[in-house]
Amino acid sequence: METTYTFKHRNILGIEQFSREDILYILDTARSFKEISTRTIKKVPTLRGRTVVNLFFEPSTRTRLSFEVAAKRMSADTFNISVSTSSTRKGETLIDTARNIEAMHPDIIIMRHAFSGAPQLLAKHVSASIINAGDGAHEHPSQALLDMLTVFEHKKEITGRKIAIIGDISHSRVARSNILGFTKLGATVTLAGPQTFLPPGITSMGVQVADTISEAITDADVVMALRIQQERQNDPLIPSLKEYAAFFGINKSILKLAKPDALVMHPGPINRGVEMSPDVADGEQSVILDQVTNGVAVRMALLYLASGGNRNNSEI
Ligand code: CP
């Protein structure tokens, strides 16, 4: 990459905002941070004195903990506010909540919200950097970045790879961010799922929609299953989970259609036996826990870059 490149994004709202160069730069930065988590003393002073607030209005295990671990490994002070502890439950608006948080001078607010666009709205009203930790069915940029880092680690190159994404595309912010990211890096993204899970016009995002799961998985380099987002469905969109598992679950038999060294991925949380059989989730092609490990490095990079960090900083 040219040395003249500078990362210009103060807010991390979605993969849509990033160029190919931005994505590669974030992933390079994440690689440089990854080793810190393998040290006996897993802490560097890079964000010492910075304040990071986790503002989560939806449940999360991986993303919230991963951002908190990332911030602590960089010596930032971290605070968590969840829907149960937020005054939005007492009728306060999201913007008022955010302005009150801002009055305490945090440097970064990491936000997850059920409404698409909520982090973008916040970014217009507060001066702290906003990092989107998942907004409705819109985007989940840190998840897509950790997915791309994981594929790079195992496959060396993303250009020309076939990425099969299977399942609930309509309600998945992970799918949207990964489609944007992998296509910007030159991969071919093929989708498959029940018709009710495939949004009309999705091909305008530069993806292919397969008629069958077999077509999507054949010769794939990566098979990514998505969680069925039941919390975002007003009415059931599939007859039953049993039927979904029979037609769209990833099992050993269907996986044989992919390349022999294909990676199996899932953003979590997994519904075992529905989106993926346990022997596939725990099998030797699975990189699901590598995704989680890489999540910490990617989030360290995002916190650093959102703080105006420079990779040549000698304190790393
Ligand atoms: N992948 C993901 O967003 O997981 P959590 O909901 O546990 O954060």
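Read on for a plain summary of the structure. This is a predicted model, so every value here is computed, not measured.

Quick look at the overall build of the protein chain
The helix and strand tally for the protein chain stands at eleven helices and nine strands. Taking 2.2 N^0.38 as the reference for a compact globule, 316 residues should give roughly 20 Å; the C-alpha atoms of the protein chain span a radius of gyration of 19 Å, in line with that estimate. Dimensions of the protein chain, computed from C-alpha atoms along their principal axes, come out at roughly 55 × 45 × 35 Å. The buried share of the protein chain, reckoned over its 316 residues, is 55%. Approximately 13900 Å² of the protein chain is accessible, and the part contributed by carbon and sulfur atoms is 52%.

What about the side chain of Asn178?
Residue placement: Asn178 occurs in helix H6 (residues 173–184). Other than its neighbours up to four places away in sequence, Asn178 contacts Ala144, Asp147, Ile165, Thr183 and Met224.

So, the site of the ligand
In the vicinity of the ligand, the residues found are Ser60, Thr61, Arg62, Thr63, Arg112, His140, Gln143, Pro267 and Gly268. Measuring from an oxygen atom of the ligand, one finds a backbone N or O atom of Arg62 at 2.9 Å. Isolated, the ligand exposes 260 Å² of accessible area, and the fraction of that covered by the protein chains is 92%. Here the shell around the ligand is built from residues that sort into one nonpolar, six polar and two charged.

Regarding the environment of Arg227
Locating Arg227 in the fold gives a position in the loop between strand E8 (222–225) and helix H8 (241–248). Spatially, the C-alpha atoms of Arg227 and Pro267 are 7.7 Å apart, while their sequence positions differ by 40 residues. Setting aside its immediate chain neighbours within four residues, Arg227 contacts Asp168, His266, Pro269, Asn271 and Glu275.

A short note on the packing of aromatic side chains
Taken as a whole and judged by the stated rule, the model has six aromatic pairs. Ring geometry for Phe7 versus Tyr25: centroids 6.3 Å apart, planes at 20°, classification stacked. Note that Phe7 is positioned in the segment before helix H1 (20–34) and Tyr25 in helix H1, a separation of 18 residues in sequence. What makes Tyr25 buried here is its relative accessible area of 10%. Between the aromatic rings of Phe197 and Tyr244, the centroid separation amounts to 6.2 Å while the plane-to-plane angle is 55°, which identifies the pairing as tilted. Residue Phe197 is located in the loop between strand E6 (188–192) and strand E7 (208–209), and its partner Tyr244 is located in helix H8; the two are separated by 47 residues in the primary sequence. Put simply, the rings of Tyr5, Phe7, Phe18 and Tyr25 pair up and form one aromatic cluster. Lying across the ring of Phe152, Arg31 places its NZ or CZ 5.3 Å from the centre.

Concerning helix H3 (residues 94–102)
A turn of α-helix holds 3.6 residues, and therefore any two residues three or four places apart point the same way. Listing the buried residues of H3 in full gives Leu94, Ile95, Thr97, Ala98, Ile101 and Glu102. Looking straight down H3, one finds its buried side chains confined to an arc of 160°; they lie on one side. Looking at the packing, one finds that the buried side of H3 touches strand E1 (51–56), strand E2 (77–82), strand E3 (108–113) and helix H4 (118–125).

A word on the nonpolar core
Nonpolar side chains tend to gather and get buried jointly when the protein is soluble and globular. The biggest cluster of nonpolar side chains holds 65 residues, and the ones touching the most others in it are Met148 and Leu303. Tallying contributions element by element places helix H11 (residues 288–306) first for this core, with ten residues. Setting aside chain neighbours within four positions, we find Leu303 in contact with Leu47, Val52, Phe67, Ala70, Ala71, Ile108, Ile110 and Ile131. Core analysis: the next-biggest nonpolar cluster, separate from the first, contains 26 residues, Ile166, Ile213, Ala220 and Val280 among them.

Let's talk about the sheet that holds strand E4 (residues 129–135)
Judged by pairing direction, the sheet is parallel, and its four strands sit side by side in the order E2-E1-E3-E4 without closing on themselves. Only two strands of the sheet have a single partner each, and these edge strands are E2 and E4. Each adjacent strand pair in this sheet contributes to an overall mean axis angle of 15°, direction not counted. Examined bridge by bridge, E1 and E2 share six bridges and lie parallel to one another. When the sheet's bridge partners are listed, Asn54 is paired in E2 with Asn80. H4 contacts E1, E3 and E4 of the sheet and is inclined by roughly 165° relative to E4. Its contacts with the sheet place H11 against E1, E3 and E4, and it is angled at close to 145° to E4.

The rules behind each value
- Each chain carries its own residue numbering, running from 1 in the written order of its sequence.
- Totals for whole chains, interfaces and linings use every residue, but because this is a predicted model, local features are given only for residues with pLDDT of at least 70 and side-chain atom pairs only at 80 or more, for both listing and counting.
- For side-chain calculations, the full set of non-hydrogen atoms in the structure is used, while hydrogens and water are omitted.
- Numbering of helices and strands runs from the N terminus; a helix is a DSSP stretch of H or I covering at least four residues, while a strand is a stretch of E covering at least two.
- It is over C-alpha atoms that the radius of gyration is taken, and the globule rule equals 2.2 Å times the number of residues to the power 0.38.
- The classification of residues rests on relative accessible area computed with a 1.4 Å probe and restricted to protein chains. Under 20% of the type maximum is buried, over 50% is exposed, and intermediate values are partly exposed.
- Each accessible area is a Shrake-Rupley estimate made with a 1.4 Å probe; only the visible protein chains count as cover when residues are assessed.
- By definition, residues are in contact when any of their heavy atoms lie within 4.5 Å.
- Throughout, the term near means that a residue has one or more heavy atoms lying within 4 Å of the molecule or strand in question.
- Within 3.5 Å is the distance limit for a polar contact, defined as a pair of N or O atoms, with the added protein rule that one can donate a hydrogen and the other accept it, and that residues adjacent in sequence qualify only through two side-chain atoms.
- All residues other than Ala, Val, Leu, Ile, Met, Phe, Trp, Tyr, Cys, Pro, Asp, Glu, Lys and Arg, Gly among them, are scored as polar; the first ten of these are nonpolar and the last four charged.
- Pairing of aromatic side chains here covers Phe, Tyr and the six-membered ring of Trp, requires ring centres within 6.5 Å, and sorts the geometry by plane angle: under 30 degrees stacked, over 60 edge-to-face, intermediate tilted.
- Whether a charge sits over a ring depends on NZ of Lys or CZ of Arg being within 6 Å of the ring centre and within 35 degrees of the ring normal.
- Read the arc as the range of directions from the helix axis to the C-beta atoms.
- Think of a nonpolar core as a cluster: buried Ala, Val, Leu, Ile, Met, Phe, Trp, Tyr and Cys residues, connected wherever their side-chain atoms sit within 4.5 Å.
- Two strands pair if DSSP finds at least two bridges between them.
- Lines fitted to C-alpha atoms define the axes here, with helix axes fitted over just the stretch in contact, and angles between the N-to-C directions of these axes take values from 0 to 180 degrees.

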